[in-house]
Amino acid sequence: GELAAALSAEVGLELLNDLIGRFDALAEEFGVEKIKTIGASYLAVCGLSVPRIDHAKRAMDFAIRAIQATQVFNRANRTNLSLDIGLHSGPVTAGVVGKTKFLYELWGETITIARAIHSSPDQNIIQVTEEGYETLIGLYNFVPGSPVAVKSKGNVPVWAVKPLEDLGPTSELAAAEG
């Protein structure tokens, strides 16, 4: 919304490609698989194609670095974008959909829950379900969040991590992220 409204279509597309490119580079760095971007959403998964015992930690580290990369991007481009991220662990169904212009899609309760919990009144926050919290407790500074209503699940408890402001371009490795 904000990026598109404030800039010409060409400049907005160039900046969006820059930011998404940063996320893509981070995804590769952490072994996270980008599934798709739609509008202002970036869907990624860890441990699907390549099973990883530390998939939850990789996903959280990716999320933290994505927020930091967005902060670096904002300073460089005089924008004020923020991220809300939802992390949940569980089984998914994956497959190719369509007969033309194929789309690789993920669906299932795990995706529904992750999408539902990503929104928060705070900016630049990562919310996790109980599964993520129990797996990652002690590794990150979690604070209890307000339960989130999830279709067919009722209120789901969440915990939040809000990364500290990054220390500048050097912490972002010259902003070569995503």
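Being a predicted model, the structure only gives us computed values, none of them experimental.

Chemist: Can you lay out unusual backbone geometry for me, pointing to particular residues and giving the numbers?
Modeler: For Arg78, which is not glycine, the phi dihedral falls at a positive 55°. You can see Arg78 is positioned in the loop between α3 (55-77) and β3 (84-87). A positive phi is found at Lys101, a non-glycine position, where the angle reads about 45°. A relative accessible area of 82% means that Lys101 is categorised as exposed.

Chemist: Tell me what's going on with the sheet that holds strand β7 (residues 143-144), and back it up with residues and numbers.
Modeler: Think of a sheet as strands paired side by side through backbone hydrogen bonds, with each pair either parallel or antiparallel. Ordered in space as β3-β6-β10-β7, the four strands form an open sheet in which the pairing is mixed. A strand with exactly one partner marks an edge of an open sheet, and here the two such strands are β3 and β7. Sheet topology places β3 next to strand β6 (residues 125-128); four bridges connect them, and they run parallel. Bridge pairing in β6 places Leu87 opposite Val128. Here α3 sits on the sheet in contact with β3, β6 and β10 (159-161), set at roughly 160° to β6.

Chemist: Tell me about the environment of Trp107, residues and numbers included.
Modeler: Position of Trp107 among the secondary structure elements: in strand β5 (residues 103-107). Overall, Trp107 belongs to the partly exposed group, its relative accessible area being 40%. Apart from residues no more than four positions distant in its own chain, Trp107 is found in contact with Val92, Thr93, Ala94, Gly95 and Val97.

Chemist: Can you lay out the packing of aromatic side chains for me, pointing to particular residues and giving the numbers?
Modeler: Within this structure, the stated rule accounts for five aromatic pairs. For the ring pair Tyr42 and Phe62, a centre distance of 6.1 Å and an interplane angle of 35° mean the geometry is tilted. Taken together, the residues Tyr42 in strand β2 (residues 41-45) and Phe62 in helix α3 connect sequence positions 20 residues apart. Here a set of aromatic residues connected by ring pairs shows up, and it is made of Tyr133, Tyr140, Phe142 and Trp159.

Scoring rules and cut-offs
Residues numbered from 1 in each chain as written. Predicted model: local features only at pLDDT ≥ 70, side-chain atom pairs only at ≥ 80, totals over all residues. Heavy atoms only, no water. Helix = DSSP H or I, 4+ residues; strand = E, 2+ residues; numbered from the N terminus. Buried < 20%, exposed > 50% of the residue type's maximum accessible area, 1.4 Å probe, protein only. Pairing = 2+ DSSP bridges. Contact = heavy atoms within 4.5 Å. Axes fitted to C-alpha atoms, helices over the stretch in contact; angles between N-to-C directions. Phe/Tyr/Trp six-rings, centres within 6.5 Å; stacked < 30°, edge-to-face > 60°.

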